[in-house]
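Structural characterization, general
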Amino acid sequence: MFVSFFPKPKLFFLSVVGWSTFVMILWYAFARDFGANFGMPPAAADADPIVGVHYFWSPEFLWFYIYFVVCTALFAAFWYVFSPHPWAHWSILGSAFILFSTYFSVQVSVAINNWRRPFFDMVQQALTPPASVPPADLYALLLIFAQIAFLWIALFVVTRFVVSHYIFRWRTAMNDYYMSNWPRLRKIEGASQRVQEDTMRFASTVEGLGVSMVDSVMTLIAFLPILYGLSSNVTELPIIGEIPAPLMNAAIFWSLFGTVLLAVVGIKLPGLEFRNQRVEAAYRKELVYGEDNADRAEPPTVRELFDNVRRNYFRLYFHYMYFNVARSFYIQADNIFAYFILIPTIAAGRITFGLLQQILTAFNQVSSSFQYLVNAWPTIVELLSIYKRLRAFEAVLQGEELPDIDRRYLEREQAGVAPQDQPPA
């Protein structure tokens, strides 16, 4: 799954984490201020946030772009020399591009959050008699928003185009790798489907989850300081009262609560999803045999196989039912949680409408980042089921023992047990 696309995967991913951590520490400890030597200093701590699209080519941003390119080039050069790989351009440079576009998307959210305060403060001023805001000022701020939005649209289109090619390249690498070992893999149940379908699903799912995780981490890095600063405007929380950095602590607590809740409630789903794919594959395989052989896909056999499909789906529906109950309750409560903790501050009139919008946006960004597992859990369940199917290939190629469910199937095939005599999955 990984060795076909990445050079020495275990060492590679460890080096990614290590190098990323090192360059981030170096950036905040030294490199960020070093840009002043080249006329690209960081913004002053007490400077007003930049409102407008020029936020993205401010001196600090230009210096960061240079820093990112240099660090990426050094990392790629090391791997090109240390462990050459035919897919290195896509697995290393392609991943770096996706990483950068994710960072840029997070900064778009920061730029829009900077825009919210002046715009909504102006709206509040316009709605408070006597109206004293010229329409031109509101139009000017809407134009700024449109400029940021158009920049994001361009980034989104380019990123999705590159990501589509990235995913297909990864699928191609897995396909070539597995097909070169096809004589050893062909006897595994549903081998054709695993190569034809699961490789694409695995690549796209891992890429999606990986980007979401990186986006969550970068969002936290960008918005936690903002939320911490905004906490100075909130003096107390309902029930709890006064605590340090109330907004940040409330976001962390609420997100961890939801993550633990849904992880416990949904613990049975990965295994059921895997069994579901297996019984579907057995049913489909018998129908395919029946297309060319009149002795196959007989009604009793097909009925038995479909009963297995139905039985597993009904179990899956039941477990998803209570999982969706818990997830829906949490999501709906999450929609009002930020307002709930801000009610004492709002009622006391200690914040403006623009500041309220800025706080809500920053709070939701931080809490949704901490809720990565909450939002991604259904996809993680699907990925685990795909991984279990492809794991059988890895076991064969590495000379390991097959997973229990695949080993039992292979033993029955070798013993000549008919599908209708096999116990249900």
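Residues numbered from 1 in each chain as written. Predicted model: local features only at pLDDT ≥ 70, side-chain atom pairs only at ≥ 80, totals over all residues. Heavy atoms only, no water.

**Quick look at the overall build of the protein**
The helix and strand inventory of the protein stands at 12 helices and zero strands. The order of helices and strands in the protein, counted from the N terminus, is α-α-α-α-α-α-α-α-α-α-α-α. Going through the 425 residues of the protein one by one, you find that 43% of them count as buried. Long-range contacts, defined as pairs at least 24 residues apart, comprise 79% of the intrachain contacts of the protein with a sequence gap of at least 6. In the form shown here, the protein has an accessible surface area of approximately 22400 Å², with 66% of it arising from carbon and sulfur atoms. Computed over 31 positive and 33 negative side-chain charges, the inter-centroid distance for the protein is 6 Å. (Helix = DSSP H or I, 4+ residues; strand = E, 2+ residues; numbered from the N terminus. Buried < 20%, exposed > 50% of the residue type's maximum accessible area, 1.4 Å probe, protein only. Contact = heavy atoms within 4.5 Å. Areas by Shrake-Rupley, 256 points an atom, 1.4 Å probe, with all protein chains shown as cover. Lys, Arg positive; Asp, Glu negative; His and termini not counted. Charge placed at Lys NZ, Arg CZ, Asp CG, Glu CD.)

**What about a nonpolar patch on the surface?**
Residues Met 24, Tyr 28, Met 213, Val 217 and Ile 221 make up a contiguous nonpolar surface patch of about 460 Å² in total accessible area. Listing elements by their share of the nonpolar patch, those giving two or more residues are α1 (9-34) and α6 (191-230). The biggest single contributor to the nonpolar patch is α6, with three residues. By the element assignment, Ile 221 lies in helix α6. (Patch = residues over 30% accessible without salt bridge, like charges linked within 9 Å, V, L, I, M, F, W, Y side chains within 5 Å. Salt bridge = Lys/Arg side-chain N within 4 Å of Asp/Glu carboxyl O.)

**A few points about the nonpolar core**
Formed by 58 residues in total, the largest nonpolar core has its most connected members in Phe 56, Leu 227, Leu 247, Ile 341, Leu 342, Ile 359 and Phe 363. Those elements giving two or more residues to this core turn out to be α1, α2 (59-82), α3 (88-127), α4 (135-179), α6, α7 (246-265), α9 (299-347) and α10 (353-370). If one sorts the elements of this core by residue count, α3 sits on top with 12 residues. Phe 5, Phe 202, Ala 203 and Leu 383 belong to the second largest nonpolar core, which has 41 residues in total. (Core = buried A, V, L, I, M, F, W, Y, C linked by side-chain atoms within 4.5 Å.)

**Notes on the pattern of salt bridges**
Under the defined criterion, the tally for this structure stands at two salt bridges. The shortest N-O distance in the salt bridge between Glu 60 and Arg 32 comes to 2.7 Å. Within this pair, whereas Glu 60 is found in helix α2, its partner Arg 32 is found in helix α1, the two being separated by 28 residues in sequence. According to the relative accessible area criterion, Glu 60 is buried, its value standing at 19%. The partly exposed category is assigned to Arg 32, whose relative accessible area is 26%. For Arg 310, the salt bridge identified is with Asp 307, shortest N-O distance 2.8 Å. In this pair, Arg 310 and Asp 307 are both assigned in helix α9, three residues apart and thus about one turn of the helix distant. Using a relative accessible area of 40% as the deciding quantity, one classes Arg 310 as partly exposed.

**With respect to the packing of aromatic side chains**
Enumeration according to the criterion identifies 50 aromatic pairs in this entry. When the ring of Phe 6 is compared with that of Phe 12, the centres are 5.5 Å apart and the planes differ by 35 degrees; the resulting orientation is tilted. Both residues of the pair, Phe 6 and Phe 12, belong to the buried class. Summarising the aromatic geometry, the rings of Phe 30 and Phe 34 are spaced 5.2 Å apart at their centres and angled 35 degrees between planes, so their arrangement reads as tilted. With Phe 30 and Phe 34 both in helix α1, this residue pair falls four residues apart, about one helical turn. (Phe/Tyr/Trp six-rings, centres within 6.5 Å; stacked < 30°, edge-to-face > 60°.)

**Some thoughts on the UniProt feature "transmembrane region" (unreviewed entry) in the protein**
According to UniProt, the positions carrying the feature "transmembrane region" (unreviewed entry) are residues 12-30, 62-82, 89-112, 138-163, 209-230, 250-269 and 336-356. What you have in residues 12-30 is 100% helix and 0% strand, and the ends, taken at the C-alpha atoms, are 26 Å apart. For residues 209-230, helix accounts for 100% and strand for 0%, while the C-alpha atoms at its two ends are 30 Å apart. (UniProt positions renumbered as here; feature names shortened; annotations may be inferred.)

**Describing α1**
Trp 27 marks the point of greatest bend in α1, at about 60 degrees. In this structure, the buried residues of α1 make contact with α2 and α3. (Bend = angle between axes of the 7 residues up to and from the residue.)

**Observations regarding the environment of Ser 109**
Structurally, Ser 109 can be placed in helix α3. The residues touching Ser 109, leaving out its near neighbours within four places in the chain, are Phe 223 and Gln 365.

**What to know about the environment of Ile 66**
Among the structural elements, Ile 66 can be located in helix α2. When the C-alpha positions of Ile 66 and Gly 35 are compared, they lie 9.7 Å apart, and in sequence the two are 31 residues distant.

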